Amino acid sequence: MIDQAIKKLVLYGVRHNLIEPEDINYTVNGLLMELKKDSYEDPGQVAEIETPEDLEETLKVILDYAAEKKIIEEDSVVLRDLFDTRIMNVLMPKPSQVIRTFREKYENESPEAATDYYYNLSRSSDYIRTYRVKKDMKWVSPSPYGDIDITINLSKPEKDPRMIALAKTMQSSDYPKCMLCMENEGYAGRINHPARQNHRIIPVEINGSKWGFQYSPYVYYNEHCIVFNGQHVPMAINRAAFEKMMDFIEMFPHYFVGSNADLPIVGGSILSHDHFQGGRYTFAMEKAPVEREISFQGFEDVKAGIVKWPLSVIRLDGKDRKRVLDLAEKILNSWRAYTDEEAFIFAETDGEPHNTITPIARMREGRYELDLVLRNNITTEEHPLGLYHPWEEYHNIKKENIGLIEVMGLAVLPSRLKEELEALGNAIAEKKDITADETLAKHAAWVAGFVGNYTDINRENVMDILKKEVGVVFTKVLECAGVYKCTEEGRKAFERFVSYVNIQK
């Protein structure tokens, strides 16, 4: 079995251009070394692994062998992931080879050809574990703002309590400083830091400085990429950030790029390392139309409008990059300083700043399009986690920050919801008391609020109803995050800010 698995993996490497046919013996011996195996007998013809999605079964054979032979100290998901990354690294080209091929395709073919090559490599190498990603639950839910995407993330493995306990006994390490540092490339990993031996980074120059380009291992959407500073420096939304985003979309015009905000609550999970996220995907927010055109004095050559979206978005559109950037900088600086007590917008309280922006840039028919999402992270007694944050009544579905991906209309929901929704569906169909179940009780008020809208809920339709209602909740969560609500009063307050921008020098 193990010799068959070795041969299947090596042939997979040839099929997916990780290695050349001339590398077969070398690669077999590399795998034998990792498996502490002294001999190998060619098993003859084997069924080839056709796609990265089919890789899991062969890796399982290899991992089971390693666990049986105590090469893996303890048979846990964490240690298996560390080891199979070592195994895949045996098949990987060196970083310099990947960079050379990427640049050749970029210069001689097209930016799309270069990213196609690199994305396929990231999947074939098992850096993106496609067989886990495809387990994510995904559906589209209608809303007053267009169809929004819902996903329940199942691709991140559950944390093993044994490994959590073991990690606490380990000596702390600050290498790499975080998950986004350049030093992750080739890193063997440890219990509390993933292995990245099969990871390759493409160096790019952004705004005159060295940055890295890679794909997210969890790919929440098509070709979900991350662009990150070569230095471990914190996130900052400013003119330079807009410049960097423009550099990226000029380099890869078939991709969008966006940044999380740079303040807690409304920012992303990693504020300590300057980075953007992008990819080849059209989100609901990009499809959303401008509901009201606005103008900024001195910038009549840049189209501007308020987008029909639950969050508060100003869309800029222009042919001249500098003019779009100049206006974006003016709007940002104005928003940083802006207070409107009537609308409960405060630039700062007790010296703590609250206003920032989540920006998204894209090229559209040769023009620069920049969406500026106004954010505010103020907290109140009623909403201690944030006023413009998912309100407590929706925490049964979503309580985490509304970051860039959610802002654009893709809900990334916790894995617990898969089992909870299945159990909830059974309970509703069987008319059980939801409050009597410790796990499901938190959903009782939510269910009570919508069951009356349906004349018949049964086993056949209950999951479709629950998915629809999850979409309704996520839409409300996005409305919570909007600093200006989609009401007449909210739009008047939005217009007051536009007028404020116009009187600034």
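Just above sits the structure.
Being a predicted model, the structure only gives us computed values, none of them experimental. (Residues numbered from 1 in each chain as written. Predicted model: local features only at pLDDT ≥ 70, side-chain atom pairs only at ≥ 80, totals over all residues. Heavy atoms only, no water.)

### Notes on the overall build of the chain
Part 1 of the reasoning: From N to C terminus, the chain includes 16 helices and 15 strands.
Part 2 of the reasoning: A compact globule built from 505 residues should have a C-alpha radius of gyration of about 23 Å, and the chain, at 25 Å, falls within 12% of that.
Part 3 of the reasoning: Seen along its three principal axes, the alpha-carbon backbone of the chain occupies a region of about 75 × 60 × 45 Å.
Part 4 of the reasoning: Expressed as a percentage of the 505 residues in the chain, the buried residues total 55%.
Part 5 of the reasoning: Of all intrachain contacts in the chain linking residues separated by at least 6 positions in sequence, the fraction that spans at least 24 positions is 66%.
Part 6 of the reasoning: Summed over all atoms, the accessible surface of the chain reaches about 23300 Å², with 48% contributed by carbon and sulfur. (Helix = DSSP H or I, 4+ residues; strand = E, 2+ residues; numbered from the N terminus. Rg over C-alpha atoms; globule rule 2.2 N^0.38 Å. Buried < 20%, exposed > 50% of the residue type's maximum accessible area, 1.4 Å probe, protein only. Contact = heavy atoms within 4.5 Å. Areas by Shrake-Rupley, 256 points an atom, 1.4 Å probe, with all protein chains shown as cover.)

### Some words on the nonpolar core
Part 1 of the reasoning: One finds Phe213, Phe248, Phe296, Leu316, Ile331 and Tyr484 to be the most contacted residues of the largest nonpolar core, which totals 99 residues.
Part 2 of the reasoning: Residues in contact with phenylalanine 296, not counting those within four places in the same chain, are Ala304, Ile314, Leu327, Ile331, Val498, Val501 and Asn502.
Part 3 of the reasoning: Of all hydrophobic cores here, the second largest spans 53 residues; its members include Tyr145, Ile402, Leu421 and Leu466. (Core = buried A, V, L, I, M, F, W, Y, C linked by side-chain atoms within 4.5 Å.)

### Re helix H2 (residues 24-34)
Each turn of an α-helix holds 3.6 residues, which means side chains three or four residues apart point in the same direction.
Part 1 of the reasoning: If you check which residues of H2 are buried, you get Thr27, Val28, Gly30, Leu31, Leu32 and Glu34.
Part 2 of the reasoning: On the buried face of H2, the contacting elements are helix H1 (2-15) and helix H4 (77-89).
Part 3 of the reasoning: Just beyond H2, the residue with positive phi is lysine 36, at close to 55°.

### A short note on the packing of aromatic side chains
Part 1 of the reasoning: All told, the structure shown has 31 aromatic pairs when counted by the stated rule.
Part 2 of the reasoning: On the numbers, 5.8 Å between centres and 40° between planes, the contact of tyrosine 221 with phenylalanine 256 is tilted. Placement of tyrosine 221 in the loop between strand S4 (209-215) and strand S5 (225-229) and of phenylalanine 256 in strand S6 (residues 256-258) is noted, with a sequence separation of 35 residues between them. The residues tyrosine 221 and phenylalanine 256 share a single accessibility class, namely buried.
Part 3 of the reasoning: Pairwise contacts between aromatic rings join Phe102, Tyr106, Tyr118, Tyr119, Phe213, Tyr215, Phe248, Phe252 and Tyr255 into one cluster. (Phe/Tyr/Trp six-rings, centres within 6.5 Å; stacked < 30°, edge-to-face > 60°.)

### Quick notes on the sheet that holds strand S2 (residues 148-152)
Part 1 of the reasoning: Pairing is mixed across the open sheet formed by 3 strands, whose spatial order is S1-S2-S15. Here the strands that pair on one side only, and so sit at the sheet edges, are strand S1 (137-141) and strand S15 (410-413). Neighbour-to-neighbour, the strand axes of the sheet open up by a mean angle of 20°, direction not taken into account.
Part 2 of the reasoning: Bridge analysis of S2 against S15 gives 4 bridges, and the strand direction is parallel. Residue pairing for S15: isoleucine 152 is matched across the bridge by leucine 413.
Part 3 of the reasoning: Relative to the sheet, helix H15 (residues 462-481) contacts S1, S2 and S15, its axis offset from that of S1 by approximately 70°. (Pairing = 2+ DSSP bridges. Axes fitted to C-alpha atoms, helices over the stretch in contact; angles between N-to-C directions.)

### Regarding the environment of leucine 421
Part 1 of the reasoning: Along the polypeptide, leucine 421 turns up in helix H13 (residues 416-429).
Part 2 of the reasoning: For leucine 421, a relative accessible area of 2% puts it in the buried group.
Part 3 of the reasoning: For the pair formed by leucine 421 and glutamate 469, sequence separation is 48 residues and the distance between their alpha carbons is 11 Å.

### Structural notes on the pairing of S1
Regular strands place side chains that alternate from one sheet face to the opposite one.
Part 1 of the reasoning: Covered by surrounding structure in S1 are Met137, Trp139 and Ser141 only, the residues Lys138 and Val140 on the alternate face being uncovered.
Part 2 of the reasoning: Note that S1 and S2 share 5 bridges and pair antiparallel. Of the residues in S2, the one forming a bridge with tryptophan 139 is isoleucine 150.
Part 3 of the reasoning: Between the end of S1 and the start of S2, which pair antiparallel, lie 6 residues, with glycine 146 showing a positive phi angle near 115°.

### Considerations on the side chain of threonine 58
Part 1 of the reasoning: By the element assignment, threonine 58 lies in helix H3 (residues 55-68).
Part 2 of the reasoning: Sequence-distant contacts of threonine 58, defined by excluding residues within four places in its chain, comprise Ala5, Lys8, Leu9 and Ile49.

### Details of the pattern of salt bridges
Pairing between side chains becomes possible if they bear opposite charge and their charged atoms approach one another.
Part 1 of the reasoning: Within this structure, the stated rule accounts for 46 salt bridges.
Part 2 of the reasoning: When the shortest N-O distance is used, the salt bridge between glutamate 243 and arginine 239 registers 3.2 Å. Taken as a pair, glutamate 243 and arginine 239 lie in helix H9 (residues 239-251) at a separation of 4 residues, close to a single helical turn. Each member of the pair glutamate 243 and arginine 239 is classed as buried.
Part 3 of the reasoning: A salt bridge links aspartate 301 to arginine 323; the nearest nitrogen and oxygen atoms lie 3.0 Å apart. Linking aspartate 301 in the loop between strand S8 (290-294) and strand S9 (303-307) with arginine 323 in helix H11 (residues 321-337), this pair joins segments that are 22 residues apart in sequence.
Part 4 of the reasoning: Residues joined by salt bridges that share partners form a network here, namely Arg239, Glu243, Asp247, Glu250, Arg321, Lys322, Asp326 and Glu329. (Salt bridge = Lys/Arg side-chain N within 4 Å of Asp/Glu carboxyl O.)

### Points about the pairing of strand S3 (residues 202-206)
Part 1 of the reasoning: Of the two faces of S3, only the one carrying Ile202, Val204 and Ile206 is buried; Pro203 and Glu205 on the other face are not.
Part 2 of the reasoning: Bridge count for S3 against S4 is 5 bridges, and the pairing is antiparallel. Bridge pairing in S4 links valine 204 to tryptophan 211.
Part 3 of the reasoning: Between S3 and S4, which pair antiparallel and follow one another directly, the connecting turn spans 2 residues, one of which, asparagine 207, has a positive phi of 55°.

### Thoughts on the state of the cysteines
By definition, a disulfide is the covalent link that joins the sulfur atoms of two cysteine residues.
Part 1 of the reasoning: With the rule as written, the count across this model stands at 0 disulfides.
Part 2 of the reasoning: Cysteine cysteine 486 remains unbridged, with the sulfur of cysteine 480 as its closest cysteine sulfur at 12 Å.
Part 3 of the reasoning: In this structure cysteine 486 comes out as partly exposed when scored by relative accessible area, which is 36%. (Disulfide = S-S within 2.5 Å.)

### Here we look at the sheet that holds strand S7 (residues 275-279)
Part 1 of the reasoning: Reading across from one edge, S3-S4-S5-S7-S6-S13-S14-S10-S9-S8 is the order of the 10 strands in this open sheet, with antiparallel pairing throughout. Across the chains shown, the open sheet's two edge strands, defined by having one partner strand only, are S3 and S8. Direction aside, the axes of adjacent strands within the sheet are offset by 25° on average.
Part 2 of the reasoning: Strands S3 and S4 of the sheet are contacted by helix H5 (residues 95-108), whose axis makes an angle of about 55° with S3.
Part 3 of the reasoning: Its contacts with the sheet put helix H6 (residues 111-124) on S3 and S4, and the angle it makes with S4 is roughly 60°.

Everything listed is a geometric property; what it means functionally is a separate question.
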